[in-house]
Amino acid sequence: MGLVGFGICKRSNLQLAETQSSGRSESMRKSHSKELDQTVEETKEYYRQRASQYSDWAHRTGQYEDGVEPEASWFDEAMILIEALASSGLSGDVLEIASGTGIWTEELLRNAASVTALDSSPEMHERSKSRLRRNPKVRYIVADIYNWVPDMSYDAVTFSFWLSHVPGSKLNDFVSKVSRCLKLGGRVFFADQRTEGLTREVMDHQSGEIARRSLINGREFKIIKHFYSSEEITRCFLQEGIDINISNTATLFYYASGVKNRAQKARSRNPL
Ligand SMILES: C[S@@+](CC[C@H](N)C(=O)[O-])C[C@H]1O[C@@H](n2cnc3c(N)ncnc32)[C@H](O)[C@@H]1O
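Residues numbered from 1 in each chain as written. Predicted model: local features only at pLDDT ≥ 70, side-chain atom pairs only at ≥ 80, totals over all residues.

(A) Region of interest: the overall build of the protein chain. When you go through the protein chain residue by residue, the secondary structure sums to 6 helices and 10 strands. A burial count over the protein chain gives 29% of its 272 residues as buried. Pairs at least 24 apart in sequence give 66% of the contacts found in the protein chain among residues at least 6 apart. (Helix = DSSP H or I, 4+ residues; strand = E, 2+ residues; numbered from the N terminus. Buried ≥ 20, exposed ≤ 12 C-beta atoms within 10 Å, placed from the backbone. Contact = placed C-beta atoms within 7 Å.)

(B) Quick peek at the sheet that holds strand 2 (residues 112–119). Reading across from one edge, 3-2-1-4-5-10-9 is the order of the 7 strands in this open sheet, with mixed pairing throughout. Here the strands that pair on one side only, and so sit at the sheet edges, are strand 3 (138–142) and strand 9 (242–248). Averaged over neighbouring strand pairs, the angle between their axes works out to 15 degrees when direction is ignored. With 7 bridges joining them, strand 5 (residues 182–193) and strand 10 (residues 253–260) adopt antiparallel strand pairing. Looking at strand 10, one finds that Asp192 is bridged to Tyr254. Against the sheet, helix 6 (residues 230–239) contacts strand 9 and strand 10, and its axis sits at roughly 160 degrees relative to strand 9. (Pairing = 2+ DSSP bridges. Axes fitted to C-alpha atoms, helices over the stretch in contact; angles between N-to-C directions.)

(C) Spotlight on the sheet that holds strand 8 (residues 220–224). Reading across the sheet, the 3 strands line up as 6-7-8 and stay open at both edges, with antiparallel pairing between neighbours. Only two strands of the sheet have a single partner each, and these edge strands are strand 6 (202–204) and strand 8. The average angle at which neighbouring strand axes cross in this sheet is 35 degrees, direction not considered. Bridging between strand 7 (residues 210–214) and strand 8 involves 5 bridges; their strand directions are antiparallel. Within strand 8, the residue paired with Ile210 across the bridge is Ile224.

(D) Quick look at the site of the ligand. By nearness alone, 21 residues border the ligand, and Tyr47, Ala98, Gly100, Ser121 and Phe161 come closest of all. Put simply, the parts of the chain that give the shell around the ligand at least two residues each are helix 1 (2–59) and helix 3 (103–108). The element contributing the most residues to the shell around the ligand is helix 1, with 4 residues. For the shell around the ligand, the class distribution of residues is 10 nonpolar, 8 polar and 3 charged. (Near = placed C-beta within 6 Å. Nonpolar A, V, L, I, M, F, W, Y, C, P; charged D, E, K, R; others polar.)

(E) Broad picture of unusual backbone geometry. For Ala98, which is not a glycine, the phi torsion comes out positive at approximately 60 degrees. Relative to the elements of secondary structure, Ala98 occurs in the loop between strand 1 (92–97) and helix 3. One non-glycine residue, Phe161, lies in the positive phi region at around 55 degrees. Locating Phe161 in the fold gives a position in the loop between strand 4 (154–160) and helix 5 (168–181).

(F) Expanded view of the confidence of the model for the protein chain. Mean pLDDT for the protein chain: 87, with 82% of residues reaching 70 or above. Per-residue pLDDT stays below 50 along residues 268–272; that stretch engages in 9 contacts with residues further than four places along the chain or on separate chains. (pLDDT = per-residue confidence, 0-100.)

(G) Main features of the pairing of strand 5. Summarising the sheet, strand 4 and strand 5 pair through 6 bridges and their orientation is parallel. Bridge pairing in strand 5 places Tyr154 opposite Leu182. Regarding topology, helix 5 serves as the crossover connection from strand 4 to the parallel strand 5, and that connection is right-handed. (Right-handed = clockwise from strand over helix to strand, strands pointing away.)

(H) The nonpolar core, seen in detail. Core analysis: the largest hydrophobic core is formed by 45 residues, its most contacted members being Val94 and Val157. Among the elements that take part in this core, strand 5 stands out by supplying 5 residues, more than any other. Excluding residues that lie within four positions of it along the chain, Val94 makes contacts with Leu108, Ala112, Val115, Tyr154, Asp155, Ala156 and Thr158. (Core = buried A, V, L, I, M, F, W, Y, C linked by C-beta atoms within 7 Å.)

Below is the structure:
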């Protein structure tokens, strides 16, 4: 009796401990995902507030003239990205995700029949509209890419300096959405900072994908900054039927181009 009681007691203690620990890990998981959701929102807000500074940063003008990131090769390497985009054959109806101030939209318009420029920041779109002189070939959509429901399919999808803002937990869904937007045979092109860019970020070490950034006015933000390896990226696109090739510039950037060669698996093959 005693032993049985002991056993039962022990087992129930164990069960209790397991329940408590799984309860703890469940609550840790919830608080982690809440923090990520907040950071995704803060990333959007950061770029809304940063819109007026963004062109100066990209063109290394204004307060960025001497370079917060003092790479002599910035323009040379950026030029390689622009040339790679030009030769990647994006044409027809193009979707540009996280289109920002329109730096890349301007290049896309050389070959595209239309560009759907999606960004969560109306302030970024305003800058893009004045840069592109309200070109009628551009359709602007203010939306959060994670909630956005596409209303047509595209010949090409592109997103520059965006992928590193997608948290690990949303990467598969993001790539799946890209693939859903693409016609079979459609092309993708994207570019971003290489992992080496990590050295310039103030990272939250626990999450490994949250960085601290500040604006000229001193306001601080936590933003998503996830440096994916080439292998992770390639694998993820492959799973969604898109074959991509990734190349690096000398020190700063990588770029990827590819084609949707296969339909998606049943899981994600749903109507737009
Ligand atoms: C690093 S900027 C890149 C802009 C542009 N592609 C470029 O290279 O100049 C990131 C852009 O993503 C947009 N963004 C941030 N979170 C977003 C979200 N959840 N959905 C759509 N756009 C988002 C920002 O407003 C910003 O314009």
